[in-house]
Amino acid sequence: MADLTTTFLGITSPNPFWLASAPPTDKEYNVRRAFEAGWGGVVWKTLGSEGPPVVNVNGPRYGAIWGADRRLLGLNNIELITDRDLHRNLEEITRVKKDYPDRAVIVSIMVPCEEEAWKAILPLVEATGADGIELNFGCPHGMAERGMGSAVGQVPEYIQMVTEWCKTYYSKPVIVKLTPNITDVRYPARAAFRGNADAVSLINTINSITSVNLDAMSPEPMIDGKGTHGGYCGPAVKPIAMNMVAEIARDPETTGKPISAIGGVTTWRDAAEFMALGAGNVQVCTAAMTYGFKVVQEMISGLSQWMDEKGYTSTQDFIGMAVPNVTDWQYLNLNYVTKAKIDQEACIKCGRCYAACEDTSHQAIEMSADRVFTVKDEDCVACNLCVNVCPIEGCISMEELALGALDERTGETVKPYANWTTHPNNPDAVTAAE
Amino acid sequence: MSNNPTTPGIQSARLSGAVLETNFADLHAPLDTHEAHVAADRCYFCHDAPCQVACPTAIDIPLFIRQIMTGTPEAAAKTIFDQNILGGMCARVCPTEELCEEACVREAAEGRPVEIGRLQRYATDRLMARNSHPFTRAEPTGRRVAVVGAGPAGLACAHRLAMKGHEVVVYDHRAKAGGLNEFGIAAYKSTDDFAAREVSWLLGIGGITIETGKGFGAGLALEALQAEFDAVFLGIGLAGVNALRAPGEGKAGVEDAVSFIAELRQAEDLSALPVGRNVVVIGGGMTAIDAAVQSKLLGAESVTIAYRRGAERMGASQFEQDLAASRGVRILTNVMPKAVHGNGAVAEIELEYTAEIDGRLQGTGETFRLPADQVFKAIGQTLEGAPGALELQGGKIRVDAAQRTSVAGVWAGGDCASGGEDLTVTAVAEGRDAAEDIHATLMAAG
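Cut-offs applied
Residues numbered from 1 in each chain as written. Chains lettered and ligands numbered in written order. Predicted model: local features only at pLDDT ≥ 70, side-chain atom pairs only at ≥ 80, totals over all residues. Heavy atoms only, no water. Helix = DSSP H or I, 4+ residues; strand = E, 2+ residues; numbered from the N terminus. Rg over C-alpha atoms; globule rule 2.2 N^0.38 Å. Contact = heavy atoms within 4.5 Å. Areas by Shrake-Rupley, 256 points an atom, 1.4 Å probe, with all protein chains shown as cover. Lys, Arg positive; Asp, Glu negative; His and termini not counted. Charge placed at Lys NZ, Arg CZ, Asp CG, Glu CD. Disulfide = S-S within 2.5 Å. Buried < 20%, exposed > 50% of the residue type's maximum accessible area, 1.4 Å probe, protein only. Pairing = 2+ DSSP bridges. Axes fitted to C-alpha atoms, helices over the stretch in contact; angles between N-to-C directions. Buried area = accessible area lost by both parts, 1.4 Å probe. Salt bridge = Lys/Arg side-chain N within 4 Å of Asp/Glu carboxyl O. Polar contact = N/O pair within 3.5 Å; in protein donor to acceptor, adjacent residues only side chain to side chain. Phe/Tyr/Trp six-rings, centres within 6.5 Å; stacked < 30°, edge-to-face > 60°. Lys NZ or Arg CZ within 6 Å of the ring centre and 35° of its normal. Patch = residues over 30% accessible without salt bridge, like charges linked within 9 Å, V, L, I, M, F, W, Y side chains within 5 Å.

Let's talk about the overall build of chain B
Right, so step 1: When helices and strands are counted, chain B shows 17 helices and 21 strands.
Right, so step 2: Its C-alpha atoms give chain B a radius of gyration of 22 Å, near enough to 22 Å, the size a compact globule of 446 residues would have.
Right, so step 3: With the C-alpha coordinates aligned to their principal axes, the bounding extent of chain B is approximately 65 × 55 × 55 Å.
Right, so step 4: Put simply, 71% of the contacts in chain B that link residues at least 6 apart link residues at least 24 apart.
Right, so step 5: Only carbon and sulfur atoms are counted for the fraction: they give 49% of the accessible area of chain B, which is about 17900 Å².
Right, so step 6: Of note, chain B has its 39 positive side-chain charges centred 1 Å away from the centre of its 56 negative side-chain charges.

Quick look at the state of the cysteines
By definition, a disulfide is the covalent link that joins the sulfur atoms of two cysteine residues.
All names here are of chain A.
Right, so step 1: One pass over the full model with this rule turns up 0 disulfides over all chains.
Right, so step 2: No disulfide involves Cys353; its nearest neighbouring cysteine sulfur is the one of Cys350, lying 6.3 Å away.
Right, so step 3: A residue is classified by how much of its surface remains accessible, and Cys353, at 8% relative accessible area, is buried.

Some thoughts on the sheet that holds strand β4 (residues 208-212) of chain B
Residue and element names in this part refer to chain B.
Right, so step 1: Strand order in this open sheet of 5 strands is β4-β3-β2-β7-β21, and the pairing throughout is parallel. If you trace the sheet from one side to the other, it starts and ends with β4 and β21 (410-412), each paired once. On average, each strand axis in the sheet is inclined to that of its neighbour by 20°, with strand direction left out of account.
Right, so step 2: In this sheet, β21 lies alongside strand β7 (residues 231-234) in parallel orientation, the contact comprising 3 bridges. Residue pairing in the sheet places Phe233 in a bridge with Trp411 of β21.

Describing the sheet that holds strand β17 (residues 374-377) of chain B
Residue and element names in this part refer to chain B.
Right, so step 1: With respect to topology, 5 strands assemble into an open sheet ordered β9-β17-β11-β12-β13, the strand pairing being parallel. The outermost strands of the open sheet, each flanked by one partner alone, are β9 (254-256) and β13 (330-332). Neighbour-to-neighbour, the strand axes of the sheet open up by a mean angle of 25°, direction not taken into account.
Right, so step 2: As paired strands, strand β11 (residues 278-282) and β17 are joined by 4 bridges and run parallel to one another.

Side note on the interface of chain B and chain A
Right, so step 1: Contacts between the two partners involve 19 residues from chain B, matched on the other side by 16 residues from chain A.
Right, so step 2: Approximately 1400 Å² of surface area, both sides summed, lies buried where chain B meets chain A, with 46% of it carried by carbon and sulfur atoms.
Right, so step 3: The interface formed by chain B and chain A includes 4 salt bridges.
Right, so step 4: We note a salt bridge from A:Glu309 to B:Arg130, for which the minimum N-O separation is 2.8 Å.
Right, so step 5: Here chain B is connected to chain A by 10 residue pairs in polar contact (both at pLDDT 80 or more).

Concerning the environment of B:Trp411
All names here are of chain B.
Right, so step 1: If you trace the backbone, Trp411 turns up in strand β21.
Right, so step 2: For Trp411, a relative accessible area of 4% corresponds to the buried category.
Right, so step 3: Looking at Trp411, its side chain comes within polar contact range of the side chain of Asp437, at 2.8 Å.

Observations concerning the packing of aromatic side chains
Right, so step 1: Applying the stated rule across the entire model yields 13 aromatic pairs over all chains.
Right, so step 2: Where A:Trp306 meets A:Phe318, the ring centres are 4.9 Å apart and the plane angle is 85°; that geometry is what we call edge-to-face. Here A:Trp306 is found in helix α10 (residues 296-310), whereas its partner A:Phe318 is found in the loop between α10 and β17 (338-342), with 12 residues between them in sequence.
Right, so step 3: By relative accessible area, which is 18% here, A:Trp306 ends up buried.
Right, so step 4: Overall, the relative accessible area of 1% leaves A:Phe318 in the buried class.
Right, so step 5: On the basis of an interplanar angle of 50° and a centroid distance of 6.2 Å, the ring pair of A:Tyr354 and A:Phe373 is categorised as tilted. One end of the pair, A:Tyr354, is in helix α11 (residues 352-360); the other, A:Phe373, is in strand β19 (residues 373-375), with 19 residues separating them in the sequence.
Right, so step 6: Grouping aromatic residues by their ring pairs yields a cluster made of A:Trp268, A:Trp306, A:Tyr312 and A:Phe318.
Right, so step 7: The ring centre of A:Tyr291 lies 4.3 Å from the NZ or CZ of B:Arg66, which sits over that ring.

Some details on a nonpolar patch on the surface
Right, so step 1: Taken together, the side chains of A:Ile209, A:Val212, A:Leu214 and A:Met217 make up a nonpolar region of the molecular surface, amounting to roughly 440 Å² of accessible area.
Right, so step 2: In this structure, A:Ile209 sits in the loop between β11 (206-208) and β12 (211-213).

Section: the pattern of salt bridges
Right, so step 1: For the coordinates displayed, the defined rule picks out 54 salt bridges over all chains.
Right, so step 2: Among the salt bridges present, the one from A:Asp251 reaches A:Arg190, with a minimum N-O distance of 2.6 Å. With a gap of 61 residues between them, A:Asp251 in the loop between α7 (238-250) and β15 (259-262) and A:Arg190 in helix α6 (residues 186-194) connect regions that are remote in the sequence. Per residue, the accessibility class of A:Asp251 equals that of A:Arg190, and both read buried.
Right, so step 3: The salt bridge partner of B:Glu110 is B:Arg106, with a shortest N-O separation of 2.6 Å. Of the two residues, B:Glu110 and B:Arg106 both sit in helix α8 (residues 105-110), 4 residues apart, roughly one turn of that helix.
Right, so step 4: For B:Glu110, a relative accessible area of 42% gives the class partly exposed.
Right, so step 5: A relative accessible area of 3% means that B:Arg106 is categorised as buried.

Rendered as structure tokens:
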């Protein structure tokens, strides 16, 4: 079993699996159960300013989409930050951290965008002994209407300003949690690091309406006949989150900066993928809310097995390894030629590849009277759609043409690497060095 | 020329080699990876899962299925072996339809449980194919433990003890280790010499010596073992077979089902194994089913199971009864053997109808005869050869919750011990738990 001990911002936890700031980390009771189940750390559910706590709706807080067998694919919520008293939360955080010194305890905070508000709460949080704070600049519902959460996260200048306050009034690591409800995540990330943030965490939830009740004509979750957008999370958002993590990881201004990845982490593999894209650890919520805290056991055993098989002895060995391979379209090798190939032994003759190619692509698959499907190399542009719609894994593969081989579609031989920047059709092409 | 199912008497080669090979192939073909992922996807990862509660070895079933789902069947196998080192065999022979799969919430909801047994086999097969042992031994303790009986209980006990750092010597009176995994159980449930491969894989832990040809009455005495070892575990099974208690029982062709099954399991060439044209199996448990189905698969023309009570009382599960029926075995219920007829060898068996009157089973007086060249007795096994010093309970060695016998320093588990069902998986649990108690006892003794 590979050692999963991971150090992030100088905070060491027995594994890279932290619970994200959310309902699972709202109380001492939950967090103790989480630590007993094996979670490496928690980000305590967001604390607000002193005084009467926020209130939540008293109807449904969640909406979801499912697969046919009720597999939960996406979850949306309209819950606000903690609705428990600030001091009660602080006492509980203090107790839990004292009892679990080997686990990471980070405190999420969201107070108004005024220096005094941050100056007031930060010493109280510092006194808990927690390992760091996470600034909730991400929640897209409710609090954003009050100028907090994603309302801050959508304005890079605010992010930088608040981060600077936190670095002034708090001595331990400061993580800035980013909202995906922006056009280019690099700007808020740069702002966070300009404000001396120690790390960014992303993504927070995505503005969403999961479904519409067609009888009541209201979005779900429906509160007395009306609904509002919620924050979307769970397996469905992972591709969006991975892109945003990768964008920050490869942005020259922020590359190498610590990232805590959030967004649909459900299995060990999800975590490994995020970490390969530059995340120092991952935060999980929906998987725990769907399956219970025990789900971390699979993440631990799976990541450990994979590391053993790859010969990695520490999570540091693979963090960021995929970042150099994330590039711009213009640098992709336009001379890389592949052709689809259908394994006739594996083919069950459903014809989905044919329908996809004939109706929506390049008419590159031939169908015989007795339902034999073959690829026409002279028409195949290697789009990969047939592979993706084929129900049999491994039945259709993309085979690379070797250097010098004839591409029957273009009538040309395969040449060495060349990309768009030097392509003759590119009006801005630079002349290739001879 | 060659024989066929209607050749009179007890004959070999009633079927061609090719047909025999098909007949004795894997009962449940192993799942391929795609099938395993689809099957695993049906698991709901229940909290405090009923399937785990129903498993005598308490395997964390939701976790191992999730590990399969996420592409780490080896981690899944480790989860299984942590609780049940014979998880490979149990995946093949457990009556899952009465244990984990019966408890599966999808069985209750849809009548179609998650295929836990086949998934367990998928995972364990994959790890065992790596030919490496997933456990390592603790530092040597210097303690030595004798295990008598190399069946599931003895092997599970030996493995756990070896893992804890003890030296273990396992004795078995037979020529091979494995117990009923090797000598019992229908061949189509343990193909490709799986039982023997599993034993050799299990021994990969190290620290275990197997000595065959030795047992009580065959060179061993409890007192001597106690003197030589720090602790003794008995997993000697049930070596005796109940009698028919019907006249004519001694005629040729009346045999023990367990011997027939053992012979079949050890046969190099199934076409050399003789079987009757008309076979009657007396009994209603798994042994009866195994003997009957295999007789049919060997080419017997007609095979009948005769059970003295109603079908609902049969020890064999509904799945096993259906399996027998699907292979052409006829199951007669509420009949008991009255006499065995024949001149030297059995030619007919006379059965009498039974009825339960005032809670007592008795013959109704109405009898009939079935042609029979071969009659297999499968009406239960009995404890045989247990050291006299041990107290018995219900015909078995009395043990407490920690598998301790009435004699200090001696533990027992599996079919020979009181409590629990006579299942492979129960034997594994008892052997494992005894090992834990032996370890705790030896370590406390300092």
